[in-house]
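For reference, the chains in residue letters:
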Amino acid sequence: MIPPVANPDPTDPILRVGGLTVSFATDRDPVTAIRDVSFDVNPGEILSIVGESGSGKTVSLLSILGLTDPRTTTTSGSVIFKGKRILELPDREMRRIRGREIALISQDPMTALTPVYTIGMQIAEQIRAHQSISRRGARKRAVELLGEVGLPNPSEMVDRFPHQLSGGMRQRAVIAMALSCNPALLVADEPTTALDVTVQAQVLDLLRRLRKDFGSSIILITHDMGVVGEMADRVLVMYAGRVVESGTAEQIFDDPWHPYTWGLLASIPPLRGPRPERLASISGTPPTPANLPPGCAFAPRCRFRFEPCSNPPPRYKDDGHTALCFIPPEDRPRLRATVLGGERSAA
Ligand SMILES: Nc1ncnc2c1ncn2[C@@H]1O[C@H](COP(=O)(O)OP(=O)(O)O)[C@@H](O)[C@H]1O
Ligand SMILES: [Mg+2]
């Protein structure tokens, strides 16, 4: 028996993640890729998880959904979805929740689609796996969903194979599939990274509409602060497997506390013109879980490091805003201005 948690209230967070820590077995010692990650997702909220490649975004998400390989992965901490501790659920029940209540959109739409079946068959199959509905009914619903995600000529698209669609169309088909069960929570892992800028904007619009029309909560993973700025209500900034800063979008954009966040903000790509390949304002690359420096993991790349940074940093907290950094609050505005200019409010 899974111990019940307090009765769910409609205004309670739909998802509560507490102290999530994930380690992988390797040829040598086990490595800890995620350390003490905690956050809530409220009903109808868009939470963005942002960080460079390798910061632990995907591993966090897969562990929350129970999709890591139990033979090589050790997970601790609690994940409470709608009042239920889901990490302890039997596989069968977890699969039901994943299909019906939590939908996943991954970075590469091809991984979600089977090449040998038509788009329509795959969406209909998904619908029928969770709902008793006739084959014809499911197909009709698939056509409707393809229309809802803005695919042109849905009644024709439904009979196409994945390779007959463009990247943007495939991603829409995957989103249609994810929507087929009206999920309470949609988890999108870099859903627009493979798409060009115009299609990216359309897919982001679609996600926003989904929240508006169905009240779905969304976890949107991205490495692009520009996307965060357009979409997020709340933001988690991850670095080397930890949440280094978290807060409302307003707190993160108007009064960012962590030097890593400053770097991410300084590297928001220009609206026009080519996107820079690397983060202009943060030199070096992130550590791997096997090579974490002692103390603050960001210190080796941080222009503002000082002696204390060789120790584990404290977590400053104020009004739901948190940061894992030694820089005292009164010094932040002055240091930040050297990266971002002084126009931000220091509120
Ligand atoms: N199965 C695994 N075994 C060992 N290390 C892994 C495994 N999966 C991911 N990692 C490591 O965990 C870290 C975080 O990866 P990931 O969550 O995929 O980053 P992100 O999604 O932020 O780009 C990376 O350093 C990655 O190499
Ligand atoms: Mg990833």
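- The name given to the protein in an unreviewed UniProt entry is Peptide/nickel transport system ATP-binding protein, with the source organism recorded as Faunimonas pinastri.
- According to its UniProt record, the protein has this under Subcellular location (unreviewed entry): "Cell inner membrane".
- UniProt, in the comment section headed Sequence similarities (unreviewed entry), describes the protein in these words: "Belongs to the ABC transporter superfamily."

## Here's the deal with unusual backbone geometry
Then, number 1: At Asn182, a position not held by glycine, the phi torsion is positive, near 50°.
Then, number 2: With respect to the helices and strands, the residue Asn182 is situated in the loop between helix 7 (167-179) and strand 7 (185-189).
Then, number 3: Accessibility expressed as a relative area gives 49% for Asn182, which makes it partly exposed.
Then, number 4: Despite not being glycine, Ala240 shows a phi value in the positive range, around 50°.
Then, number 5: Relative to the helices and strands, Ala240 is located in the loop between strand 9 (234-239) and strand 10 (242-248).
Then, number 6: Classification of Ala240 by relative accessible area gives buried; the value is 14%.

## Side note on the site of ligand 1
Then, number 1: Close to ligand 1 lie Phe24, Ala33, Glu52, Ser53, Gly54, Ser55, Gly56, Lys57, Thr58, Val59 and Pro289.
Then, number 2: One nitrogen or oxygen atom from the main chain of Gly54 is found 2.7 Å from an oxygen atom belonging to ligand 1.
Then, number 3: In the environment of ligand 1, an oxygen atom lies 3.2 Å from a nitrogen or oxygen atom belonging to the backbone of Ser55.
Then, number 4: If ligand 1 stood free it would expose 570 Å²; the protein chains cover 64% of that surface.
Then, number 5: Per-element tally for the shell around ligand 1: the top contributor is helix 1 (residues 57-64), with three residues.

## Some points on the nonpolar core
Then, number 1: Counting 37 residues, the largest nonpolar core has Ile105, Ile123, Leu146, Leu186, Leu207 and Leu220 as its most contacted members.
Then, number 2: Of all the elements in the fold, those that place two or more residues in this core are strand 6 (102-105), helix 4 (119-130), helix 5 (135-148), helix 7, strand 7, helix 8 (197-214), strand 8 (217-222) and helix 9 (225-231).
Then, number 3: Of the residues forming this core, the biggest block, seven residues, is contributed by helix 7.
Then, number 4: Of the residues that make up this core, three or more belong to each of domain 1 (15-101 + 183-289) and domain 2 (113-181).
Then, number 5: Ignoring any residue separated from it by four or fewer positions in sequence, one finds Ile105 in contact with Gln171, Val174, Ile175, Ala178, Leu186, Val187, Ala188, Asp189, Pro191 and Leu207.
Then, number 6: Membership of the second largest hydrophobic core comes to 30 residues, among which are Ala33, Phe39, Met94 and Ile219.

Each value, and the rule that gives it
- Residues numbered from 1 in each chain as written.
- Chains lettered and ligands numbered in written order.
- Predicted model: local features only at pLDDT ≥ 70, side-chain atom pairs only at ≥ 80, totals over all residues.
- Heavy atoms only, no water.
- UniProt positions renumbered as here; feature names shortened; annotations may be inferred.
- Helix = DSSP H or I, 4+ residues; strand = E, 2+ residues; numbered from the N terminus.
- Buried < 20%, exposed > 50% of the residue type's maximum accessible area, 1.4 Å probe, protein only.
- Near = heavy atom within 4 Å.
- Polar contact = N/O pair within 3.5 Å; in protein donor to acceptor, adjacent residues only side chain to side chain.
- Areas by Shrake-Rupley, 256 points an atom, 1.4 Å probe, with all protein chains shown as cover.
- Core = buried A, V, L, I, M, F, W, Y, C linked by side-chain atoms within 4.5 Å.
- Domains from an automatic or database assignment.
- Contact = heavy atoms within 4.5 Å.

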